[in-house]
Amino acid sequence: MRYIFPFNSSATNIYMLLAITMSYISFPIMAFLVVHTACMFMGISTHNTQFSAATAFLVVGIYSLVGATTMYVSYFKRKNKR
């Protein structure tokens, strides 16, 4: 899992946990904006641009949700072991 979610291992204290959570929240928004801007720049139709941006938001959103969940689970497992 550390290769799929490289940020999770750096959550060693509560502040890093919150900072990484904020980055996981911003990833889907950034994916939406980047794909939408790239498609508009290339002159792709509005329908296809909206579909591509929404698909990017959904895929990256699922990745971020799974990453944040595994990060919280592993963080609290480590915290309870100590």
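Up top is the structure these notes are about.
Residues numbered from 1 in each chain as written. Predicted model: local features only at pLDDT ≥ 70, side-chain atom pairs only at ≥ 80, totals over all residues. Heavy atoms only, no water.

**Remarks on the overall build of the chain**
For the chain, the helix and strand inventory stands at 2 helices and 0 strands. A compact globule built from 82 residues would reach a C-alpha radius of gyration of about 12 Å, whereas the chain, at 16 Å, exceeds it by more than 25%. Its C-alpha atoms give the chain principal-axis dimensions of roughly 55 × 20 × 15 Å. The 82 residues of the chain split such that 22% are buried. (Helix = DSSP H or I, 4+ residues; strand = E, 2+ residues; numbered from the N terminus. Rg over C-alpha atoms; globule rule 2.2 N^0.38 Å. Buried < 20%, exposed > 50% of the residue type's maximum accessible area, 1.4 Å probe, protein only.)

**Section: helix α1 (residues 14-42)**
At 3.6 residues per turn, the α-helix brings residues three or four places apart onto the same side. In a regular helix each residue adds 1.5 Å, so 29 residues correspond to 42 Å; α1 covers 42 Å between its end C-alpha atoms and thus fits that length. Along α1, the largest kink reaches about 30 degrees and is centred on Ser26; proline Pro28 follows within four residues of it. Among the residues of α1, those classed as buried are Leu17, Ile20, Thr21, Tyr24, Pro28, Ala31 and Cys39. Looking at the buried side of α1, the elements it contacts are α2 (46-81). (Expected span 1.5 Å × (residues − 1). Bend = angle between axes of the 7 residues up to and from the residue. Contact = heavy atoms within 4.5 Å.)

**Brief notes about the environment of Lys79**
Tracing the chain through its elements places Lys79 in helix α2. What makes Lys79 partly exposed here is its relative accessible area of 48%.

**A closer look at the nonpolar core**
With 8 residues, the main nonpolar core is built from Phe5, Ala11, Leu17, Ile20, Tyr24, Ala68, Met71 and Tyr75. Here Tyr75 is in contact with Ala11, Thr12, Asn13, Ile14 and Leu17, once residues within four sequence places are set aside. (Core = buried A, V, L, I, M, F, W, Y, C linked by side-chain atoms within 4.5 Å.)

**As for the environment of Ala11**
Relative to the assigned elements, Ala11 resides in the segment before α1. For the pair Ala11 and Val73, spaced 62 residues apart in sequence, the C-alpha separation works out to 11 Å.

**Overview of the packing of aromatic side chains**
Scanning the entire structure with this criterion turns up 4 aromatic pairs. Ring plane angle 90 degrees and centroid distance 6.5 Å describe the contact between Phe32 and Phe57, whose orientation is recorded as edge-to-face. In this pair, Phe32 sits in helix α1 while Phe57 sits in helix α2, placing the two residues 25 residues apart along the sequence. With a centroid separation of 5.1 Å and an interplanar angle of 75 degrees, the aromatic rings of Tyr75 and Phe76 are classed as edge-to-face. Overall, Tyr75 belongs to the buried group, its relative accessible area being 8%. For Phe76, a relative accessible area of 36% translates into the label partly exposed. An aromatic cluster of at least three residues, connected via ring pairs, comprises Tyr72, Tyr75 and Phe76. (Phe/Tyr/Trp six-rings, centres within 6.5 Å; stacked < 30°, edge-to-face > 60°.)

Treat this as a map of the structure, not an account of what it does.
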